[in-house]
Amino acid sequence: MIDDRADVPPATTFATAPRSVVALVDATSPTERELIGGWLAEGGIAAEFGVEAPVTQLDLDAAAVAARLVDRHDDPLVVPVRVLWLPPERDGVRRTTFADLAALADPRRPHRLLQRRLVAKTPDRHLVLTGQPALLSELRANNTAVAGTAEPFARAVVRAGIVALERAERGVIGDRYKVPRLVAEEILDSPEFLRRLDAIALHTGGTSREVYRRAEKALRELVAAQSRLVSDLFTQAMRPVHASTWKVDCEPSGLAALRRLNRHHPLVFLPSHRSYVDAFVLGDALARNDFPPNHVIGGANLRFWPIGPIARRTGAVFIRRSFGDDEVYKAVVEEYFAYLLTKRFNLEWYFEGGRTRTGKLRPPRYGLLNYLAAAIRSRRVEDVMLVPVSITYERLNELGAIATEQSGGAKKPEGLTWLARYVRSQQHSAGHVYLRFGEPLSARERLAAHGDPLVPDPGFGAPEAEEARDQERKAVQRLAFEVAVGINAVTPITVNALVTLALLGVHERALTLGEVRRVLEPVRDYIQHRGLPSGELDTLSDDHALAVVLEQLSLARVVTVYRGGLEPVYSIEAGAHLEAAFYRNSAVHWFVNRAILELAILAAVEAPEGEQLQAGWDTAFRLRDLLKFEFFFPERAEFAAQMTAEMELVDEDWHDRTADGTVGSDILAELTESGFVMAHRVLRSFLDAQLVVADRLAARDGTEAPDRKQFIDECLAVGRQMLLQQRLHSPESVSSELFTSALKLADNYGLLEPAADPSAAADLRARRQAFADELRLIGTRIARAAALDPSNRLELS
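Quick caveat: nothing in here was measured; it's all calculated off a predicted structure. (Residues numbered from 1 in each chain as written. Predicted model: local features only at pLDDT ≥ 70, side-chain atom pairs only at ≥ 80, totals over all residues. Heavy atoms only, no water.)

Draft legend 1. A look at the overall build of the protein. Of the regular secondary structure elements, the protein holds 34 helices and 18 strands. The proportion of buried residues among the 797 residues of the protein is 55%. Of all intrachain contacts in the protein linking residues separated by at least 6 positions in sequence, the fraction that spans at least 24 positions is 78%. (Helix = DSSP H or I, 4+ residues; strand = E, 2+ residues; numbered from the N terminus. Buried < 20%, exposed > 50% of the residue type's maximum accessible area, 1.4 Å probe, protein only. Contact = heavy atoms within 4.5 Å.)

Right, here's the structure in full:
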């Protein structure tokens, strides 16, 4: 009861022996009162704490505490006590099952008649439990803000007793059952939060009572009402959704390190988001390793019946997708976040804001990270460890719907019918799902390193507020960047990622099994040389295993097989290029620097002698800027170091060869002989999508800003036309997701804001046209890189 944030209670020591004891009894039935009374009468307090003193029993109830404990002038030892009921042991585990539910009984909360039967027949199913005790003086010292008022102090004592008992229970049943209690009540009793609500009322012109009611309503809507029973049953019900589909590959060492870290810090898990089952895959792995359940932050669109009410009782927190300038709701969310982190409850959210539609990480959303930073900045939370998590699927059964959305189709709303259809679609084996944990990041250290002042907000109207907030925003953005890099750093390269990488790089051709293997060999050598994380790539060296991978992709309707000739040949299924690109893009970030290097070399060779090296570097940095909304690039100096390391893999003597600023054409021979050319496989779809957007912008007069939704629809339609005319290389370029990113880039370059006068309009049209011309030139270089790729010159053996 001294510190409800600690995971391991301190040893009980007293400067002087307490002269009296108050047992705060948390009992719900006569049977429980009898068990506790008997335990106390038999000297339970003396046996457990070594305190020989008269014991007074008092209900763990705010009214009773206020009437009989608050005003005492002595200093009794306060000990919370309850009866803990346990499920029967099944295969060495005590966990509630659907068999218990069928019997209309919760083994952790048996009804009164069942309690008496359990006491008589199965005494191992219960025990009398005590929470960490505290002297009344210590309780007053720990609650100085409310110690002078009877009712708020009594509620604080009751909450502390319940928390102490919950912690003691976890010592018996495991950390996976750590659940918060009386959250809304404690937050609404917080003097700091009440002062903030008063400030909001003053700022907005509302009354304190009205603002308080809105905050209370928002809290009741937001707070996860966790239940151990529902958590057990939900885990059992949802496990088959992924366990029958994927074999989960999780590194035990990573989990062990996180367990040690979690003893001292709350963890915030930030996973990549590729599937609706991500939360089940991660949650199941953590539960099996006795982690407390995460509070999973999700959008209110998933709050539909029956999943919403059930998920809320397992720790899901549903936040409104948008709450604009609602200062009360913002304050409630921030306070709830701070509360959970202060009490060391672990959090989880998908910081991309939604599932990726392309297979690679989306740009991060900063909203929830801002709330976390605010909790640290206000010193409500000492520190939080951010855990980048990569969840990578060998095959994903929901890709058809994702591809439809990218092609302009409407996203089907979530609901009961959608859920049944989704679960049905998962009943097919889909290989492995790889669960990997990146290096945890100290939020406090990283925010401080990025220039966040880590001081409280100056407040409404303060002159320095905007400058401070701008600095805070930049610090949070850099922190999000580090999380994304951490996810990418542990994302493994799967067999399907490599196979689709090979097949998407061959324009309108099918490959034999031997040709696919020969395309993959130099890529696998590169992966091995760099020590990149990977799945079961060794299987790709065996023709039979490679054939199995291709056949599985064929069953998933991503690859098509023609068997009518001398031997089977494989190519991407018509209409499945977006699905194939999704698999490839899960690992594409590992090859981006290599692809940029190849285009830089081609630009260098085209430049005049003496200027070639500079032209190469200029091209590399320009491509880095063009692709900044697609990939996570480091600062300029680190990027230059990465490109240098990449160049040394191609030609270890390149420093000597380019000392005079000239890049010899023999470097092209080096690229060709390596058999490893990536530019057309990795970058073409992204830059082609940018070209479509640039073309459509160049066709406008520049006097009006484009309506974004209509503009994306126009790009989809024109992109399909350009594809039919073979002005685009592949259907994977015709993607609403890629067009949206390209439009953000154009906005960043100032190409969307309408011109104010004819002169400015002419200048805008010229800049738009220059942008399109630049992308066409890059497209020409990509075509030249593709011509260097030996796989585009393979002949039938």
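Draft legend 2. Seen up close, helix α16 (residues 367-377). In terms of burial, α16 is largely enclosed, as nine of its 11 residues are buried. When we look at burial in α16, the residues that qualify are Leu 368, Leu 369, Tyr 371, Leu 372, Ala 373, Ala 374, Ala 375, Ile 376 and Arg 377. Remark: Arg 379 follows α16 within two positions and exhibits a positive phi of approximately 65°.

Draft legend 3. Quick look at the nonpolar core. The biggest cluster of nonpolar side chains holds 127 residues, and the ones touching the most others in it are Phe 269, Leu 498, Phe 591, Ile 596 and Leu 683. Residue contributions to this core peak at 10 residues, all from helix α25 (residues 592-606). With near-sequence residues (within four places) excluded, Ile 596 lies in contact with Ala 620, Leu 623, Arg 624, Leu 627, Phe 633, Phe 639, Met 643 and Leu 683. Membership of the second largest hydrophobic core comes to 57 residues, among which are Val 223, Val 317, Leu 347 and Trp 349. (Core = buried A, V, L, I, M, F, W, Y, C linked by side-chain atoms within 4.5 Å.)

Draft legend 4. Fine view of the pairing of strand β17 (residues 559-562). Of the two faces of β17, the one lined by Val 559 and Val 561 is fully buried and the one lined by Thr 560 and Tyr 562 carries no buried residue. Sheet analysis places β17 next to strand β18 (residues 569-572), joined by four bridges and oriented antiparallel. Note that in β18 the partner of Thr 560 across the bridge is Ser 571. (Pairing = 2+ DSSP bridges.)

Draft legend 5. Spatial organisation of the packing of helix α9 (residues 191-204) against helix α15 (residues 327-342). Running from N to C, α9 and α15 cross one another at 165°; their axes reach a closest spacing of 10 Å. When the interaxial angle is binned, α9 and α15 end up roughly antiparallel. Here α9 runs over α15; the crossing is right-handed. Residues Phe 193, Arg 196 and Ile 200 of α9 pack against Glu 327, Val 328, Ala 331, Val 332, Glu 334 and Glu 335 of α15. (Axes fitted to C-alpha atoms, helices over the stretch in contact; angles between N-to-C directions. Parallel < 35°, antiparallel > 145°, perpendicular 65-115°, else oblique. Left-handed = near helix turned anticlockwise from the far one by under 90°.)

Draft legend 6. Highlighting a negative patch on the surface. On the surface, Glu 648, Glu 652, Asp 653 and Asp 656 cluster together into a negatively charged patch. For Glu 652, the position within the fold is in the loop between α27 (636-650) and α28 (654-657). (Patch = residues over 30% accessible without salt bridge, like charges linked within 9 Å, V, L, I, M, F, W, Y side chains within 5 Å. Areas by Shrake-Rupley, 256 points an atom, 1.4 Å probe, with all protein chains shown as cover. Salt bridge = Lys/Arg side-chain N within 4 Å of Asp/Glu carboxyl O. Lys, Arg positive; Asp, Glu negative; His and termini not counted. Charge placed at Lys NZ, Arg CZ, Asp CG, Glu CD.)

Draft legend 7. Local environment of the environment of Ser 442. Along the polypeptide, Ser 442 turns up in strand β15 (residues 441-442). For Ser 442, a relative accessible area of 8% puts it in the buried group. Sequence separation between Ser 442 and His 265 is 177 residues; the distance between their C-alpha atoms is 9.5 Å. Residues within four places of Ser 442 in sequence aside, it is in contact with Asp 383, Val 384 and Met 385.

Draft legend 8. Seen up close, the confidence of the model for the protein. When pLDDT is averaged across the protein, the result is 85; 86% of the residues are at 70 or more. Across the protein, element-level confidence peaks in helix α31 (residues 684-698) with a mean pLDDT of 97 and bottoms out in helix α4 (residues 98-102) with 55. (pLDDT = per-residue confidence, 0-100.)

Draft legend 9. Structural view of the side chain of Asn 585. Along the chain, Asn 585 turns up in helix α24 (residues 577-585). The class of Asn 585 is buried, set by a relative accessible area of 4%. Among the polar contacts listed, one links the side chain of Asn 585 to the side chain of Arg 584, at a separation of 2.9 Å. Apart from residues lying up to four places away in sequence, Asn 585 is in contact with Thr 358, Gly 359, Lys 360 and Phe 686. (Polar contact = N/O pair within 3.5 Å; in protein donor to acceptor, adjacent residues only side chain to side chain.)

Draft legend 10. Structural context of the packing of helix α1 (residues 30-41) against helix α5 (residues 112-121). The N-to-C vectors of α1 and α5 enclose an angle of 35°; their axes lie 9 Å apart at closest approach. Counted together, Pro 30, Thr 31, Glu 32, Glu 34 and Leu 35 of α1 and Arg 112, Gln 115, Arg 116 and Val 119 of α5 form the full contact between these two elements. For the contact of α1 with α5, the per-class residue count stands at three nonpolar, two polar and four charged. (Nonpolar A, V, L, I, M, F, W, Y, C, P; charged D, E, K, R; others polar.)

Draft legend 11. Here's a closer look at the packing of aromatic side chains. Taken as a whole and assessed by the stated rule, the structure comprises 16 aromatic pairs. Judged by centre distance (6.0 Å) and plane angle (40°), the rings of Tyr 526 and Phe 591 are tilted. With Tyr 526 in helix α22 (residues 513-530) and Phe 591 in the loop between α24 and α25, this residue pair connects regions lying 65 residues apart in the sequence. Judged by its relative accessible area of 1%, Phe 591 falls in the buried class. Each residue in the set Trp 617, Phe 621, Phe 631, Phe 633, Phe 639 and Phe 686 is aromatic and connected to the rest through ring pairs, giving one cluster. When the ring centre of Phe 631 is taken as origin, the NZ or CZ atom of Lys 360, which lies over that ring, is 5.6 Å away. Positioned above the aromatic ring of Phe 639 is the side chain of Arg 624, whose terminal nitrogen or guanidinium carbon lies 5.6 Å from the ring centre. (Phe/Tyr/Trp six-rings, centres within 6.5 Å; stacked < 30°, edge-to-face > 60°. Lys NZ or Arg CZ within 6 Å of the ring centre and 35° of its normal.)

Draft legend 12. Geometry of the side chain of Lys 360. Looking at where Lys 360 falls in the secondary structure, it is placed in the loop between β12 (347-348) and α16. Side-chain polar atoms of Lys 360 contact the side chain of Glu 630, separated by 2.9 Å. Setting aside chain neighbours within four positions, we find Lys 360 in contact with Glu 352, Asn 585, Glu 630, Phe 631 and Phe 686.

Draft legend 13. Up close: the sheet that holds β17. An order of β16-β18-β17 is seen for the three strands of this open sheet, with the pairing classed as antiparallel. Whereas interior strands pair on both sides, the edge strands pair on one side only; in this sheet they are β16 (511-512) and β17. Across the face of the sheet, helix α23 (residues 543-555) comes into contact with β17 and β18 while running at roughly 110° to β17.

Draft legend 14. Quick look at the pattern of salt bridges. Under the definition given, this model contains 47 salt bridges. With its nearest N and O atoms 3.5 Å apart, the salt bridge here joins Arg 82 to Glu 166. With Arg 82 in strand β3 (residues 77-85) and Glu 166 in helix α7 (residues 150-173), this pair connects stretches of sequence that are 84 residues apart. Pair check on accessibility: Arg 82 and Glu 166 agree, each one buried. Measuring nitrogen to oxygen at the nearest pair gives 3.0 Å for the salt bridge that ties Glu 482 to Arg 446. Taken as a pair, Glu 482 in helix α20 (residues 465-490) and Arg 446 in helix α19 (residues 443-449) lie far apart in primary sequence, 36 residues in all. One network of salt bridges, with partners in common, ties together Arg 155, Arg 159, Glu 186, Asp 189 and Lys 343.

Draft legend 15. The arrangement of unusual backbone geometry in detail. Even without being glycine, Asp 290 reaches a positive phi, approximately 60°. Assignment of secondary structure puts Asp 290 in the loop between α13 (278-288) and β10 (295-299). Classification of Asp 290 by relative accessible area gives partly exposed; the value is 22%. With a phi close to 60°, Arg 557 is a non-glycine residue in the positive phi region. Along the chain, Arg 557 turns up in the loop between α23 and β17.

Draft legend 16. View of the pairing of β3. β3 sits mainly inside the fold: nine of its nine residues count as buried. Burial along β3 is two-sided: Leu 77, Val 79, Val 81, Val 83 and Trp 85 facing one way and Val 78, Pro 80, Arg 82 and Leu 84 facing the other are all buried. For strand β1 (residues 21-26) and β3, the ladder comprises six bridges, and the chain directions are parallel. If you follow Asp 26 over to β3, its bridge partner there is Arg 82. Alignment of β3 against strand β7 (residues 134-135), held across two bridges, turns out to be antiparallel. When the sheet's bridge partners are listed, Val 78 is paired in β7 with Ala 134. Direction of pairing for β3 relative to strand β6 (residues 126-130): antiparallel, over a ladder of five bridges. Following the sheet pairing, Leu 84 is matched in β6 by Leu 127.

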